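Below, each chain spelled out in residue letters.
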Amino acid sequence: MINLLFGVILLGSSYYVSAEKQTYIVHMSHHHIPPSFNQDHTHWFDSSLKSVSPSAEMIYTYQNVIHGFSTRLTAQEAESLETLPGIISVLPELKYELHTTRTPEFLGLDQKSNLFPQSDGESDVVIGVLDTGVWPESKSFDDTGMGPVPSAWNGACEAGTNFTVSNCNRKLIGARFFAKGYEATLGPIDETKESRSPRDDDGHGTHTSTTTGGSVVAGANLLGYAPGSARGMASRARIAVYKVCWIGGCFSSDILAAMEKAITDNVNVLSLSLGGGTADYYRDSVAIGAFAAMEKGILVSCSAGNAGPTSYSLSNVSPWITTVGAGTLDRDFPAYVSLGNGRNYSGVSLYKGPTLPDKMLPFVYAGNASNSTSGALCMPGSLLPDKVKGKIVLCDRGVNARVQKGSVVKEAGGVGMVLTNTAANGEELVADAHLLPATTVGQKEGDEIRKYVISDSAPTAGILFQGTKLGIQPSPVVASFSSRGPNTITPEILKPDIIAPGVNILAGWSGAVGPTGLPDDTRRVEFNIISGTSMSCPHVSGLAALLKAARPEWSPAAIRSALMTTAYTAYKNGKMIEDLATGKPSTPFDHGAGHVDPVSAVNPGLVYDLTADDYFDFLCALNYTPAQIQVVTKRNTTCDTTKSYSISNLNYPSFAVVVSSDSTGKTGGSTVVKHTRTLTNVGPASTYKVTTFSDSKGVQMSVVPNTLTFSKVNEKQSYTVTFTVGDMAAGSNAFGRIEWSDGKYVVGSPVAVSW
């Protein structure tokens, strides 16, 4: 199974190099095709390729996301190809990894009927999901009551292993799979392990697609946990699935091919719960494909990554992508640990099955029941059966999957497990459907439990499962695993954009695999509860679909702006949203503009809009070469040498100010930075006044003008913010907020200042 950790761990991008050949993505200039080819671009591609490698074959050709093809070449052949006329760049393929029903009510969508009146509009919106495929038999794809497939839809249902055209319906209107790039690198797909078709043998793709647009399913639950109705964010929208991820990962040649098809299929929203570390935009296939989608009016929503709480850990940071971090819900699954010394500790679990005897049982620390130096981690084969048989075992979290540790304990004869977080995960509690009675506790509780089990001469313990609890406060809090800013590629663009529910999320699941994904898990479930920014991303994709239905004239940037400027950063009691990693208030580097609030987003008052031309100017401001810009934009135009380009003037709904320092690390007195923005009125005529807030006396903000009057819809008004920033030590950060309000609408933007 694809490696799930909080949904799935984000690994850094990695280049795949075989001894001889590897896959390259070849970008060609559409405008430089020689006349002799009579506009036959495929013939031109093939002729260019054969001139350096007569035996080479094209894996895919691309016309929309990029202009070019993918192929297998030696490093020397790739260098030769790059020297040919019309070739812009030849880049090695990147490998991407997945970032692995209470949510609608938590987001206020149970009130949505009067806010999103155009239900017919919602059913015309198509959400494309790039993932591990789909389990079409899931009740979440029931098309009862849905009208004909939208007339603009150009997609298809592709047959393959265990999948036929009839598996699609008026809900699941498209299903394709892309394996040529994967197979070119790793060889033919082993069809005894996974289906060479759109069918999902992993679960992740079914979970994300049903989260974003699943139909309403009454009586949904996982093993009795989280009972209720499950439904996607845009439950009347159509879903199209593009399978690009396989057991060995997700390869960029396949991802580009899927995005190419999604664009011509006419999706309205693209959801990608995957990433590959960070790379310059002209090297990042997802960023390049997303630019082409954005030009066609498609909003692209991506997961921020699961590498938090480390700073600079974000993925998918290009400004034309909506980057989504993860927060918690107000729901928990408590399971308590009782110790022989009378102490009780709170943990979480989704275990369902025979419970432990109603008495205290012998308790042992895995580190003392193993001959391995890493025995405390409960790695496969590391526990000594004679030391754990009949006992509850305390295991440390880390390295191998949480659920696998329980399987290891069970195999060695243990009867239960207490899994303790270490410093890397702190107090973050992610619930799992363990194969034996087990619970997960935070680091502080775990340290106390470990101290007891090591020091007591005859330690005992018990575990009590409490089911599902609602109304947990505070909520949301930023998940520890959610990747954090600053943005490593362009620190002047604040990322993530927003957070959404991503912890312990209930959604549809594959019938090919148990809820843990372990080979020895023979249970089969219709729904599963997993965590990750993989789960928060499809929430925002579905909400974007709702907004697209309600406001079909809005651009992707306007939709993102509405979600960002109406997001909330404080609880109803006025306190800031907490960061689970620290227990302290979170910052814009953790939560971006805040937690998504779709009820407010449908009527934001004003939006910050952006066009492809604005992003072109942004790339010019980065001092990209003409070839690098052409790779991203496919435009045969160059930056205007008479024009002054500035990253700070990109009309983004947030503000990131980077104060440069000299070689000594000093900033040398105060720095003045100006940012210009333009607001577009999407509400009634009104006058807005600005307020600013800074958490540091070292940051002063002045806004000119401080009042904006709008007399009609789509009217635009501009303003300039002058940041006067004092001297601070390198590595310092300060945060603030700029809000425009007319008394009814509040249009908020986060501010981050970095020294």
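Residues numbered from 1 in each chain as written. Predicted model: local features only at pLDDT ≥ 70, side-chain atom pairs only at ≥ 80, totals over all residues. Heavy atoms only, no water.

J.: Outline the sheet that holds strand 16 (residues 299-303), listing residues and values.
T.: With parallel pairing, seven strands are arranged side by side in an open sheet as 8-11-7-14-16-17-27. Both outer strands of the open sheet, strand 8 (172-177) and strand 27 (498-501), are each paired with one neighbouring strand and no more. Adjacent strand axes in the sheet meet at a mean angle of 25°, parallel and antiparallel pairs treated alike. One ladder, built from six bridges, connects strand 7 (residues 126-131) with strand 11 (residues 238-243); its direction is parallel. Each residue of the ladder has a partner; that of Ile127, found in strand 11, is Ile239. (Pairing = 2+ DSSP bridges. Helix = DSSP H or I, 4+ residues; strand = E, 2+ residues; numbered from the N terminus. Axes fitted to C-alpha atoms, helices over the stretch in contact; angles between N-to-C directions.)

J.: Any chance you could break down the sheet that holds strand 32 (residues 671-681) for me, citing the residues and the numbers?
T.: Strand order in this open sheet of four strands is 30-32-36-34, and the pairing throughout is antiparallel. Each edge of the open sheet is held by one strand with a lone partner, namely strand 30 (606-607) and strand 34 (699-704). As judged from the 10 bridges shared by strand 32 and strand 36 (residues 716-725), these two strands associate in the antiparallel manner. By the bridge assignment, Arg677 is partnered in strand 36 with Tyr719.

J.: If you had to explain the side chain of Ser482 to someone new, which residues and values would you point to?
T.: With respect to the element layout, Ser482 can be found in the loop between strand 26 (469-470) and strand 27. On the basis of relative accessibility, which here comes to 0%, the residue Ser482 falls in the buried class. (Buried < 20%, exposed > 50% of the residue type's maximum accessible area, 1.4 Å probe, protein only.)

J.: Account for the pairing of strand 36, naming residues and giving values.
T.: Summarising the sheet, strand 34 and strand 36 pair through six bridges and their orientation is antiparallel. Opposite Gln700, over in strand 36, you have Thr724 as the bridge partner.

J.: Let's hear about the pattern of salt bridges: which residues, and what values?
T.: All chains considered together, the criterion is met by 21 salt bridges. Between Arg450 and Asp447 there is a salt bridge, with the nearest N and O atoms lying 3.0 Å from each other. On the criterion of helical spacing, the pair formed by Arg450 and Asp447 is a turn pair, its members being three residues apart in helix 11 (residues 443-455). Residue classification places Arg450 among the buried positions, given a relative accessible area of 16%. Overall, the relative accessible area of 33% leaves Asp447 in the partly exposed class. Residue Asp579 pairs with Arg484 through a salt bridge whose shortest N-O separation is 2.9 Å. On the criterion of sequence distance, the pair formed by Asp579 in the loop between helix 13 (556-565) and helix 14 (588-591) and Arg484 in the loop between strand 26 and strand 27 is long-range, its members being 95 residues apart. Taken as a pair, Asp579 and Arg484 share a single burial class, namely buried. Look at the salt bridges and you will find they share partners, linking Glu295, Asp613, Lys634 and Arg635 into a network. (Salt bridge = Lys/Arg side-chain N within 4 Å of Asp/Glu carboxyl O.)

J.: Explain the packing of aromatic side chains to me, using residue names and the numbers behind them.
T.: For the structure on display, the rule yields 18 aromatic pairs. On the numbers, 5.8 Å between centres and 85° between planes, the contact of Tyr225 with Phe333 is edge-to-face. Of this pair, Tyr225 sits in strand 10 (residues 225-230) while Phe333 is found in the loop between strand 18 (331-332) and strand 19 (334-339), placing the two residues 108 residues apart along the sequence. Accessibility assignment for this pair places Tyr225 and Phe333 in one class, buried. (Phe/Tyr/Trp six-rings, centres within 6.5 Å; stacked < 30°, edge-to-face > 60°.)

J.: So what about the side chain of Ser561? Which residues, and what values?
T.: Along the chain, Ser561 falls in helix 13. Once residues lying within four places of it in the same chain are set aside, the contact partners of Ser561 are Val607, Tyr608 and Pro653. (Contact = heavy atoms within 4.5 Å.)

J.: Describe unusual backbone geometry, with residues and values.
T.: Cis peptide bonds are those with omega within 30 degrees of zero, and the linkage from Gly308 to Pro309 qualifies with 5°. By secondary structure assignment, the location of Pro309 is in the loop between strand 16 and strand 17 (322-327). Along the chain, Val704 connects to Pro705 via a cis peptide bond; the corresponding omega equals -10°. Positionally, Pro705 belongs in the loop between strand 34 and strand 35 (707-710). For Leu223, which is not glycine, the phi dihedral falls at a positive 55°. Looking at where Leu223 falls in the secondary structure, it is placed in the loop between strand 9 (217-222) and strand 10.

J.: Give a description of the confidence of the model for the protein chain that names residues and reports values.
T.: Per-residue confidence for the protein chain gives a mean pLDDT of 92; residues scoring 70 or more make up 93%. Note that residues 1-19 has pLDDT below 50 and, in this model, 78 contacts with residues that lie over four places away or in other chains. (pLDDT = per-residue confidence, 0-100.)

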